[in-house]
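Each chain, written out:
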Amino acid sequence: MPVLLRMKSILFLVVCLSVNGQQLLPPIQNYQLLDYKGGTKNWDVSINENGELFVANNKGLLHYNGEQWTLNKLPNNTIIRSVKSIGDKVYTGSYEEFGYWTKNEFGELAYTSLTHLIKNHTFTNEEFWEIFQSSDGKVMFRSFSAIYCYADDKITVIDPPFVVSDLIEFNGKLIVAGGFVGLFEIQGDTYLPLPGHDILTGKTINDIAIFGGNLLIGTKLSGCFLYDGKQLTPWQASINDDLKEHQLNKITLLGENLLGFGTIKNGMYLYNSESGKYNVLNRESGLQNNTVLSSLLYKDLLWLGLDNGMARAKLNNPITYFTDYTGSLGMVYDIAWYNGTLFLGSNTGVFYFDGSQLKFVNGSQGHVWDLEVIEGDLLCGHTRGTFKVSKNSFELISEVAGGYQMIKVPDKKSTYVQGTYNGLAKFTKLEDGTWSVVKIEGVDEPVKQLCFETPNILWTAHPYKGFSRIHFKGAEYNKIDKVQKFKQKDAPSEYNAKLYNIKNHIVLNSEGNWFTYNPIGDKIERFEEFKHYKNKELLFFDEEYFWFVDDDEQKAIIYTDLKGDSLMLTDLPLRERLAPDSQNLVKVNDSTSYITLIDGFAKINVKEISKQEKLPTPSFIVFKDQESKHSVMDDNIEVPFRYAQSITIEVASPEYIYPHYYYKLEGPKEYSQYVEGGAINFQNLPYGEYTFKIATAGMDTTTSELKQLNFTISPPWYFSWWSLFFYAALGFLAIYLVRRYNRKKLERKHRELEERLHHEQQERMDKMEKEELAKEVKQKQNELASTTLNIARKNEMILELKNMLIMNKDKFSNSQRYRTFIKKLNSSIEDTEDWRRFEVNFKELHQDFFERLLKSYPSLTPKDLKLCAYLKMNLSTKEIAPLMGITVRGVEIHRYRLRKKLDMDSSDNLSNFLITF
């Protein structure tokens, strides 16, 4: 909402002790065995300064912290008969046993026995029924036989000669009840009877209280007596007869003029001594058991220990209930004040209150939809028609079945229109006081709600038929001119339709959405003023305030002026007992309103509710992780990370009934939320330091003071200081290794680079050398080829000369000279010096050719080797012939023979073989 709402949560509605016509009693919160898991009987109750409850139960000591019940058993498992919280200790009395309980750091109670301090005294089958703290600080444990006084770690025993049924301090004196023999004052070792105590002889004294400056003595079957310090007299109060009849058991002071009387047979009486009137909490008013064994008032919270279970109620609350536990009333649909009497209309008929008694109007059997005081008459819209009602009569005035709602026609005297099961009816109050009823023609469908837009235009609604805008024909309201339906695209749904006239605006509600009629555009639009109240039913409204009922899940009642003044009623019994779509509110005056319920009604004093109430600060109970509990008294709770997956913080606000809480978690992960239960759980919180703050809260924005708890989730082992040190060392080692690796890698790269450069340089040098060698080889090849060619040319020339000489042989006269020429020519051809130079040059080019050839073919002759050399040079036969000084034919013959020696096939090329050899 645009403004901050001022709201107040009312969590438990209770009794108004001044009875005004009907008996308004508190809704009683009962606790059964399944709730507190103890025994049936609850003999005594006590509350500490924080509002925590302690109960003496058949099975042990019950502890209720406002959220949870805990049963604490004695070592010998005996029944605990009495309990008293004094300071930080809770004293209990049992069978031949008494002592005290204290809380440990986890809020758990541990027992310490005191009976070992008793000296020179023996128990006589004693049970300790009462614990009393005297003005001088002594703690007294009372059995029927004696009183044991505990102080300064010592115990003294007072052993009267009579049965001790109660004790109290009055005007500085210790007064004890002597069972059937009266009251006595203890003075040292003597027991002085009070003046006039004979009046109590034969009467069993159950309880004594100080009230109005006097002692109020309660007896079992004889009512109460007063002792003013001088004389004992019977108590002259009207309630005394009831206390005698129902067996008084406990007396509880409830206020300055208020007393509570717990009885054995009829529950708890709440008595106002000033007015002399009282209300009764018993089975008929919702108490689960009529036997009250113990009672205690703490800050308007009344606790009752019953013979079977526990109960509590809150006094002085501005909201009270009437509840019909018999079932005869049924669900209430409407309420009306008529002639000083409250009338109720329910699904079973009409009822009224005669004093505090609910009575039925004879003849009104059936479903009542509407009760209205109109024109001085109380009219009842009934399933059978419409009736005029009084205490003693139920007179039919209209036979039109099903009277839902009746509203006045604007500007028309004593004329009304009613919605019924099958249309509309017109009611007119005549001068003689009778009613004229006419069914209006033109509408036959059910009409549950209706309101006038103008004197001639009526809006109607039904939960299943939707909305209609009806135009009347003429001023007599007997006939409908036309019925207008709205079928526009964004029109409200016909289901669950409701209708209101709010400050001359037609306002519609359908399926939780709010609309309004725009007469200028003749269409239905969204109603922006109620946009924050979606899914809320309008219960009642007047010129200033609106009452909304929240959705079915919350069912709280919101009281607001739509501006800034608002409060919220979230009382659990109220929420549980509202009737969805059928609840109704009747405003009696500015401060008092009634709300109909499924089994009665609630009376609300709005002015009292509006008074701000200080919310109690909650207490931390225990802090739990997955493994163990932690003390909430520690300044900072340390939680190991492995147990921090689920953390539960338990809180309680014992002074507040059904408290809500608001919490904030601050730290590495943050949350803030309103919760209803007192156990707040967090899952998978990251490690770090946290601050948890919690406050008691109403259902609105008001909260109590924040209470704070600090806790730290330790980092996981892999984030501990040792781990971080190890990680740092590992990091430094990694850096060192990386640097060393990079340095080694750099050195290796340098070496590789040097080697590569050296290799490349070597390759370049080898290449250059190879190129030089190639050039040299080429040069030698050229030289060899040149030498060979020169030799070939020389030999060829010599051969030509020789041939010429041979051909001109006859011309030589001297044959000797001829032979000399021929011999010289042959010698020149076979010159070994030419071959030697050729061989040297050839071997430089083909170093081991001859050796390999001879190794492979040892049969080769020098001439064969010479031919092989020429063939390796790839010389032709024609070029070889002059080199060998033979003919071409001779070369071919020699080649053939060489092929044979080399064992070559005729298809193989001899030159290629020798070139590649």
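Below: a short report on this structure. Counting starts from 1 at the beginning of each chain's written sequence and moves along it residue by residue. Note on the predicted model: pLDDT of at least 70 is required for a residue's local features to be given, and 80 or more for side-chain atom pairs to be given and counted; whole-chain, interface and lining totals, by contrast, use all residues. Think of the side-chain values as coming from all heavy atoms in the structure, minus any hydrogens and water.

We now examine the sheet that holds strand β57 (residues 619-624). Here we have four strands laid out as an open sheet, ordered β58-β57-β60-β63, and antiparallel in their pairing. Bordering the open sheet on either side are β58 (629-630) and β63 (679-683), each of which pairs with just one other strand. Criterion used throughout: strands pair if DSSP finds at least two bridges between them. Here a strand is any run of E in DSSP of at least two residues, a helix any run of H or I of at least four, and the numbering for each starts at the N terminus. Pairing between β57 and strand β60 (residues 646-652): five bridges, direction antiparallel. Residue pairing in the sheet places S619 in a bridge with A652 of β60.

What follows deals with the packing of aromatic side chains. We call Phe, Tyr and Trp rings a pair once their centres come within 6.5 Å, taking the six-membered ring for Trp, and we label the pair stacked below 30 degrees between planes, edge-to-face above 60, and tilted otherwise. Taken as a whole and judged by the stated rule, the model has 69 aromatic pairs. Where W235 meets Y271, the ring centres are 5.5 Å apart and the plane angle is 85 degrees; that geometry is what we call edge-to-face. In this pair, W235 is assigned in the loop between β21 (232-234) and α2 (239-246) and Y271 in strand β24 (residues 268-272), connecting sequence segments 36 residues apart. Judged by centre distance (4.4 Å) and plane angle (10 degrees), the rings of Y545 and Y559 are stacked. With Y545 in the loop between β50 (537-541) and β51 (546-549) and Y559 in strand β52 (residues 557-560), the pair connects residues that are 14 residues apart, well separated along the chain. When a residue's accessible area, from a 1.4 Å probe over protein chains only, is under 20% of the maximum for its type it is buried; when over 50% it is exposed; and in between it is partly exposed. What makes Y545 buried here is its relative accessible area of 15%. Given a relative accessible area of 11%, Y559 falls into the buried group. One aromatic cluster in this structure is built from Y91, F98, Y100, F123, F128, F141, Y148 and Y150. For a ring to carry a charge above it, either NZ of a lysine or CZ of an arginine must fall within 6 Å of the ring centroid while also lying within 35 degrees of the normal to the ring plane. Sitting above the plane of the W43 ring, R81 keeps its charged end 4.6 Å from the centroid.

Moving on, we come to the pairing of strand β35 (residues 377-382). For β35, the buried fraction is high: six of the six residues fall into the buried class. Alternating positions in β35 separate into two faces, D377, L379 and G381 on one and L378, C380 and H382 on the other, with burial throughout. Judged from the six bridges that link them, strand β34 (residues 368-374) and β35 form a sheet pairing that is antiparallel. Bridge pairing links L371 to C380 in β35. Taking the residues that link successive antiparallel strands as the turn, the β34-β35 hairpin has two residues, and the phi of E375 there is positive, at about 55 degrees.

Another aspect to go through is the pattern of salt bridges. Think of it this way: side chains of opposite charge can pair up when their charged atoms draw near. By definition here, a salt bridge exists when the distance from a side-chain nitrogen of Lys or Arg to a carboxyl oxygen of Asp or Glu is within 4 Å. As enumerated under the stated definition, the model contains 24 salt bridges in all. Across the pair K359 and D354 runs a salt bridge whose closest N-O atoms are separated by 2.9 Å. Given a relative accessible area of 34%, K359 falls into the partly exposed group. It is possible to trace a salt-bridge network through shared partners that takes in E453, R469 and D522.

Here the focus is the side chain of N513. Here N513 lies in strand β48 (residues 513-518). The class of N513 is buried, set by a relative accessible area of 19%. It only takes one pair of heavy atoms within 4.5 Å for two residues to be counted as in contact. Look past the residues within four positions of N513 in its chain and what remains in contact with it is L508, R526 and K534.

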